[in-house]
Amino acid sequence: MSSMRGRHKETGMRSELFGGVKRNEGSYGPPKQDLATAETEQHMEAQNEEEIARLTGTVQMLKDVTIEIGQEVKAQNRLLAGMGNEFMKANAGIQSTMTKLKNMTAHGGSKHMCMLVVFVFMVFLFMWWLLKMRR
């Protein structure tokens, strides 16, 4: 009977040592509960790996889109800079023309106005003649 108590005491210590998991007497290897936990962990690990692969693909796709957006922004900025230069040139040309017109009108002289009226009349006369010849 004392050997039974000793064995029970030994089993109690073993259960404390291994976290309360009992092994089947005579069986070797990990307990059945540990096998289920290991399978669950493996399954979860596989799911995590799949999710990491999916997220890696998504991150790569977002990176590619971001790079393309950056390239498009650079191209648009170059285009806008070029347009800005062209507008500045056009503005300078208009300013120069306006300055010349102001100088011309300030100095007077009806000769310029008469020439302008004759030129406009000749253009309209030429256009009328072209339209008449077409019909």
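Residues numbered from 1 in each chain as written. Predicted model: local features only at pLDDT ≥ 70, side-chain atom pairs only at ≥ 80, totals over all residues. Heavy atoms only, no water.

### Quick notes on the overall build of the protein chain
So, step 1. If you tally the helices and strands in the protein chain, you get three helices and zero strands.
So, step 2. Written out in order from the N terminus, the α and β elements of the protein chain read α-α-α.
So, step 3. Working note: accessible area of the protein chain is about 13,000 Å², and carbon and sulfur atoms make up 64% of it. (Helix = DSSP H or I, 4+ residues; strand = E, 2+ residues; numbered from the N terminus. Areas by Shrake-Rupley, 256 points an atom, 1.4 Å probe, with all protein chains shown as cover.)

### Section: the pattern of salt bridges
So, step 1. Under the defined criterion, the tally for this structure stands at two salt bridges.
So, step 2. Two residues, Glu51 and Arg54, come together in a salt bridge whose shortest N-O distance is 2.4 Å. You can see Glu51 and its partner Arg54 sitting in helix 2 (residues 32-107), three residues apart, about one turn around the helix.
So, step 3. Looking at Glu51, the relative accessible area reads 36%, which means it is partly exposed.
So, step 4. For Lys89, the salt bridge goes to Glu86, with nearest N and O atoms at 3.8 Å. You can see Lys89 and its partner Glu86 sitting in helix 2, three residues apart, about one turn around the helix.
So, step 5. Lys89 sits in the exposed class, given a relative accessible area of 56%.
So, step 6. When its relative accessible area of 48% is taken as the criterion, Glu86 is described as partly exposed. (Salt bridge = Lys/Arg side-chain N within 4 Å of Asp/Glu carboxyl O. Buried < 20%, exposed > 50% of the residue type's maximum accessible area, 1.4 Å probe, protein only.)

### What about helix 3 (residues 110-134)?
So, step 1. The first and last C-alpha atoms of helix 3 sit 37 Å apart over 25 residues, in line with the 36 Å expected at 1.5 Å per residue.
So, step 2. The element helix 3 is barely covered by neighbouring structure, given that only zero of its 25 residues are classed as buried. (Expected span 1.5 Å × (residues − 1).)

### Comments concerning the confidence of the model for the protein chain
So, step 1. Scored by pLDDT, the protein chain comes out at a mean of 81, with 74% of its residues at no less than 70.
So, step 2. Looking at the elements of the protein chain, mean pLDDT is at its lowest for helix 1 (residues 2-17), recorded as 54, and at its highest for helix 2, recorded as 90. (pLDDT = per-residue confidence, 0-100.)

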